[in-house]
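The chain contents come next:
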Amino acid sequence: MRVGGKVLVSVRKKRWWLNRTALMVLWVFVSGLIWVGLHLYSRGDSMRKAEENLVSMCNDRARMLQDQFAVSVNHFQALAILISTFHYEKHPSVLDQDTFAYYTAKTALERPLLNGVAYAQRVLRSEREAFERQQGWTIKSFEGTTSPEKEEYAAVIYSQETVSYIEALDMMSGEEDHENILKARATGKAVLTNPFRLLGSNHLGVVLTFAVYRSGLPKDATLEQRIEATLGYLGGAFDVESLVENLLRQLAGNQDIVVNVYDVTNATEPLIMYGPQSTNSYQSPSHVSVLDFGDPFRKHEMKCRYWQKVPIPLSAITTPSGVFVICMLAGYILFAAWSRYDSVKEDWRKSEELKLRAEAADLAKSQFLATVSHEIRTPMNGVLGMLDMLLDTDLNLIQRDCAQTARVCGKALISLMNEVLDREKIESGKLELEAVPFDLRFLLDDVLSLFSSKSREKGIELAVFVSDNVPQVVIGDPGRFRQVITNLVGNSVKFTKRGHIFVQVHLAGSLYQCIRVSEEVESLAKNIQDKMLVDTFNYTPNTLSGLEAADRTNNWENFRLLLNEPCSGLHASEHVCKWNSNKVTLVVSVEDTGIGIPVHAQDRVFTPFMQVDSSASRMYGGTGIGLSISKYLVELMGGQISFVSRPHVGSTFTFTAMFQQDENIKFCDLHSALVECLPDDLRGMNAFLIDGRPVRSSVTRYHLKRLGIRADVATNIRTALHSISGQDDLQRTRKQLQVLLVERDAWDLETYATLLGQLEELKQKGLMSETPKTILLSTSELNRAELNLYFDMVITKPLRSSTLAACLQNILGLKDTRSLSGKEKENGAASALNRLLDGKKILVVDDNKVNLMVAAGSLKKYGANVVCVERGRDALALLRPPHDFDACFMDIQMPEMDGFEATRQIRLMENNEKFRSLGPTTLEHSGWSSRRLPVLAMTADVIQATYEECIKWGMDGYISKPFDEEQLYQAISRSLVSNSNACPGL
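None of these values were measured; they are calculated from a predicted model. (Residues numbered from 1 in each chain as written. Predicted model: local features only at pLDDT ≥ 70, side-chain atom pairs only at ≥ 80, totals over all residues. Heavy atoms only, no water.)

## Thoughts on the sheet that holds strand β27 (residues 957-960)
Spatially, the five strands line up as an open sheet ordered β24-β23-β25-β26-β27, and their pairing is parallel. With one partner strand each, in any of the chains shown, β24 (865-869) and β27 form the two edges of the open sheet. Across the sheet, the axes of successive neighbouring strands diverge by a mean angle of 25 degrees, strand direction being ignored. Those strands touched by helix α25 (residues 849-861) are β23 (841-845), β24, β25 (887-891) and β26 (935-939), and its axis lies near 170 degrees from that of β24. (Pairing = 2+ DSSP bridges. Helix = DSSP H or I, 4+ residues; strand = E, 2+ residues; numbered from the N terminus. Axes fitted to C-alpha atoms, helices over the stretch in contact; angles between N-to-C directions. Contact = heavy atoms within 4.5 Å.)

## Looking at the side chain of R706
You can see R706 is positioned in helix α18 (residues 694-706). The buried category is assigned to R706, whose relative accessible area is 13%. Within polar-contact distance, the side chain of R706 engages the side chain of S801 at 3.0 Å. In contact with R706, other than residues within four places in its own chain, are R441, F442, D445, L678, R683 and S801. (Buried < 20%, exposed > 50% of the residue type's maximum accessible area, 1.4 Å probe, protein only. Polar contact = N/O pair within 3.5 Å; in protein donor to acceptor, adjacent residues only side chain to side chain.)

## Remarks on the pairing of strand β10 (residues 300-306)
Within β10, five of the seven residues are buried, which leaves the element mostly enclosed by the surrounding structure. Relative to β10, strand β7 (residues 257-263) runs antiparallel, the two being bridged by seven bridges. Considered in β10, the bridge of V258 is made with R305. As judged from the six bridges shared by strand β9 (residues 286-291) and β10, these two strands associate in the antiparallel manner. Looking at β10, one finds that S289 is bridged to M302.

## Digging into helix α9 (residues 440-450)
Of all eleven residues in α9, ten are buried, a share of seventy percent or more. Within α9 the residues assigned to the buried category are L440, R441, F442, L443, L444, D445, D446, V447, L448 and S449. Where α9 begins, the side chain of D439 points an oxygen toward the backbone nitrogen of R441, at a separation of 3.0 Å.

## Digging into helix α27 (residues 899-911)
Over its 13 residues, α27 runs 18 Å from end to end, which matches the ideal 18 Å to within 8%, given 1.5 Å per residue. Of all the positions in α27, only G899, F900, A902, T903, I906, R907, M909 and E910 are classed as buried. (Expected span 1.5 Å × (residues − 1).)

## Side note on the UniProt feature "modified residue: 4-aspartylphosphate" (unreviewed entry) in the chain
According to UniProt, the "modified residue: 4-aspartylphosphate" (unreviewed entry) feature falls on D891. As for its position among the elements, D891 is in strand β25. Once you skip the residues sitting within four places of it in the chain, D891 turns out to touch V845, D846, D847, G899, M938 and K961. (UniProt positions renumbered as here; feature names shortened; annotations may be inferred.)

## Here we look at the side chain of R128
For R128, the location among the structural elements is in helix α3 (residues 128-135). On the accessibility criterion, R128 (7% relative accessible area) is buried. Ignoring any residue separated from it by four or fewer positions in sequence, one finds R128 in contact with V123, I139, T146, S147, P148, E149 and Y153.

## With respect to the packing of helix α7 (residues 315-391) against α25
At a minimum axis distance of 9 Å, the contact between α7 and α25 shows a crossing angle of 40 degrees. On the basis of their axis angle, the class for α7 and α25 is oblique. Where α7 crosses over α25, the two elements pack in a sense that is left-handed. Contacts from T378, N381, G382, G385, M386 and M389 in α7 reach V850, N851, M853, V854 and G857 in α25. (Parallel < 35°, antiparallel > 145°, perpendicular 65-115°, else oblique. Left-handed = near helix turned anticlockwise from the far one by under 90°.)

## Focus on the sheet that holds strand β21 (residues 773-778)
Spatially, β19-β18-β20-β21-β22 is the arrangement adopted by the five strands of the open sheet, whose pairing is parallel. Both edges of this open sheet fall to β19 (710-714) and β22 (793-796), since each of them pairs with a single strand only. Along the sheet, successive strands turn relative to each other by an average axial angle of 25 degrees, direction set aside. Here strand β20 (residues 737-743) runs beside β21; their pairing, made up of five bridges, is parallel. Its bridge partner being in β21, V739 is matched across the sheet by K773. In the packing of helix α22 (residues 801-812) onto the sheet, contacts are made with β20, β21 and β22, and the angle to β22 comes to roughly 175 degrees.

Below, the structure written as C-alpha cells:
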C-alpha cells in the first residue's frame, strides 16, 4: 500500500506537471490565434481605409473632370450666342473669318479642353448656289470632293486657326457627325461623338456639337420649331487624354492609382477614352465614378484602381506581434510565478526544516556552552577561591608571586569563557542591559586599578580624567560599561611599551565645542604669514607622557578648554551645562602610545576573531573578539565607536554612550557600584604640585579636587621656589599649605634640597605654620629606602582618589590606617562588604565540599556567620520558620532536590498559613520576622536563560562561579540592603 501510495503521488505530480505544460501550450496557441485575428482585423481595416481613400480620390477626380468640362461647355455656349448675335442679327454681319480666328485664339485659355472651335452654317439645297457664290468656294465633303446634292448642308465658314483645315467642309457629310448634328438640333444640348483619334496629336478625343438658333426660340419649342430656328452648328474637338492627364498631374497621389475613362453608351463594348488598354497592375480594389458631360445620348464613367497591391501596414504586424509578446510575457510571468510559488513553497518547507535544525543546533550549542561553562567554572571556583584564601595568609615573596600568577591565569581563563558566552548572547540576541545608578568616577578608578601592576612594570603613565560637567551619578549598565573600558584599556596596556594610556570622559556637547574652537584656531594660524607666529600654533606632542598621540584632537589646547568652565566662551547649549535633560551622552576616549594598527588591518578591527596577524596572538595573546563585543555593547548603549591609529605612534579609541540621569538619586542608592566613600576630613586643604606636563598635572589636580583639596601648579622646582617664597597670591595660603607633590621627572636633588631649606626657613620666620608633607609621584617602583630620606611618602601611579586619600590621611596623621599594600586599600568593595556582611548569618547550600569551603571562606572574611549544608532538604529543615538567617546562598544543581525546588519550598513555607497562625508575638519572641528571605543562586551557568529561570522559581538573583568581591557586593547589595532599607557606607 505504501509503495502504491508513493506511485500514485508520483503519477499525480507528473499529471500535474503535464497539465501545467498543456496549459502553457494552450496559452501559446491562443496567443497565436489572437495574433492572427488582430493581424486580419488590422489588415482588413487597412484595406477598408484604402478603399475609402480610393473612392474619395476617384470621386474627386471625376468631379473635377466634370467641372472643367462644364466650364468649357459654358464657354462654348457663350461663343454660340456671340455668333448668333454678331453674325445673324447684325446686317451686314460684323463677324468674318479673321475676327473669329482672332477671338477664338485669344480666348483659348478659357477653353483649355478644346483643341479647336469651328462654326458650320446650315445651308439648304436651294441656298447652296448663292452661299457658294458669297463665300467664294464650293462645299466639300470629308473626302475632299464637292459635296453631292442633298437636302441641307453644314458648311464650315468660321474656324479657329488650329482647325483651319476644315474650312468649307460639309460636317453633315460624315455619318457620325451628321447624326450628332441632328441630335444637337433636336435637343438644344451639346452632343458628343464616339472617341476617335484627333488629327495632329493622334490623341483620343470627341467632337462636341452645339446647335445655334435664332433668338426668341421658346424653351419648350418643338422639334419642328427647333429645325426651323436652326441657323448653324458650333463644334469643337475635345482632347480627352490631355484633359485627364493635366487634371491628374495637378492632384496628389497620382502615382498610386490608375485612372481609366470609358464611354459606356454601349455597355457590352465600352470604349476607352483614357488610360491603359491592359495592365499587369493589381486589379483590386477598384471604384467606378459616373461622369456626366451633359450629353443625354451618351454615358461615361471613370474607373480607378491602385497601381500596385496595397501594402500590408506595419501596424498590422507590429500590433499583433506586440500583443503576442505581451501574451507570451504574461504567460511567462504566470508560469514563472507558478514555478516560483512552488519553489518558494518548497524553499519555505526546507527553511522551516532548516530553522528547526538551526534552533535545535542553537539550543544544543547553548546547552553545550552552558555545560562546558559549568564544568569549567565549578573546578575553577575551587582553584580561584583557594588561591584567594592562600593569598590572605602569610606567604613569602616567591610563594605569593606563584599564587598570584596562578590566580591571573585562572582569571584569564574565566575572562575567555565570559567573552565566548557574550559572543553567543550577541548572536542569539539575548544580551540585555541593566538600568541601575552607578558612580562613573569610582568605576573608572576601579578599572584602572586592575592594570596598575602591569603599568608599573612597564613604567607607563596610566591615568583617567572625567570632566567636571559629567554627572556624578548616571543610570545604565555599569557591568557592560566596565567591560568596554576594561577591554580597551587592556588592549592598550597589552600593546603599549612606553608612553601613556589616558582615559578621558566628557560630555558630548562640550567636547565637540572645544574641537570646533581648536579647529578655528588652527585655521587662523594657517592664514598668518609671519613664520614665528605660525610656529607657535604648530602641533606639539604636549600629551600625558610627552609622546605624540594618534588623534591630534586630544591635544593640550582642547584639553585646556575642557578644564575651563565649559559654558563660558564656547556658546555651549544649555543642556550641556545644566542637568535639564533625562539623558546624557558621554564621549569616552582611550588613548595610548603603543604600536598602533597597520593600515591594511584597520578595516577589520571590529571583525570577530580577527587579529592583525597570526604573530600578534602568539606575542600578545587574546582571541580577537573583545573589540567586536565592545562595538556591540556600545551600540546597545545607543552610541558608536571609532578609532584613529597610526603605526608606531599609537591608537585612540573613542566611543559614545547614552545614559540617564536623575538629580534626586542619593549616594546611598548606588547599590551596584564598588565604591568607598571618600573622606571629608581632607576638604579645604591646600596642596602644591610640581609637574612640567600640563595634561598630567591636570589629572593630578582632578584627583585632588575630588578630595576637596585646592592645588596650585608649578612647572619645575625653581618656579615653585619662587612662587612659594614670593609675594604672589600663594602668600595668603602658604600658611595652610599641607602637602607638596613632586613628579619624578621634575625632581632633582640639588634644587629640591634648596626648596626644602626654603620651606624650613619660612616656617622659622612664622610665614608658614608647619612644613608641608612631601610626596613623590612615580610611574614605576623606585628604591623607597633611598627616597624616604627626602620624601614623606612615595606613591606609585596610577592615581586613585581613594588610594590618594588614604596616603594623605596616613602622612597627615588624621586617622589610623592599615598598610598601603593591603588589599582593602586597593579595592573599595572590601570595606563595603564588611559593612554589609558583618554579623549577618548566612546559609550556604552546595553539594560540592570544595565550593562550600570557598563560599564559607569568602563570606567569613567579611565578618559573616556562615552555616553550610550539602543538601536541599537539610536547608529546608534549617529554614523552617522561625529562623534567624539573613540570606541563603543556594546551589542549583544538587542531587535529590535541586536549588529551584528548594527555593520553591522556601517560598511556600513563607506563605504557609500554618506558620502565620503562630502569631506575631511568637515569631517576634523567637527572633524571626516575616520578611522575605533573600535567596541567591550559586551557579556556574551565566547564560540569560539561567538567570530568568532563577527569577521564575523565586530567587532574588544569582552569583556566577567563581565569584569575586564585585559581583558579591552587587548581589548582596540588591538583596540585603533593599530588604533592610539601609544605605551602605553612610
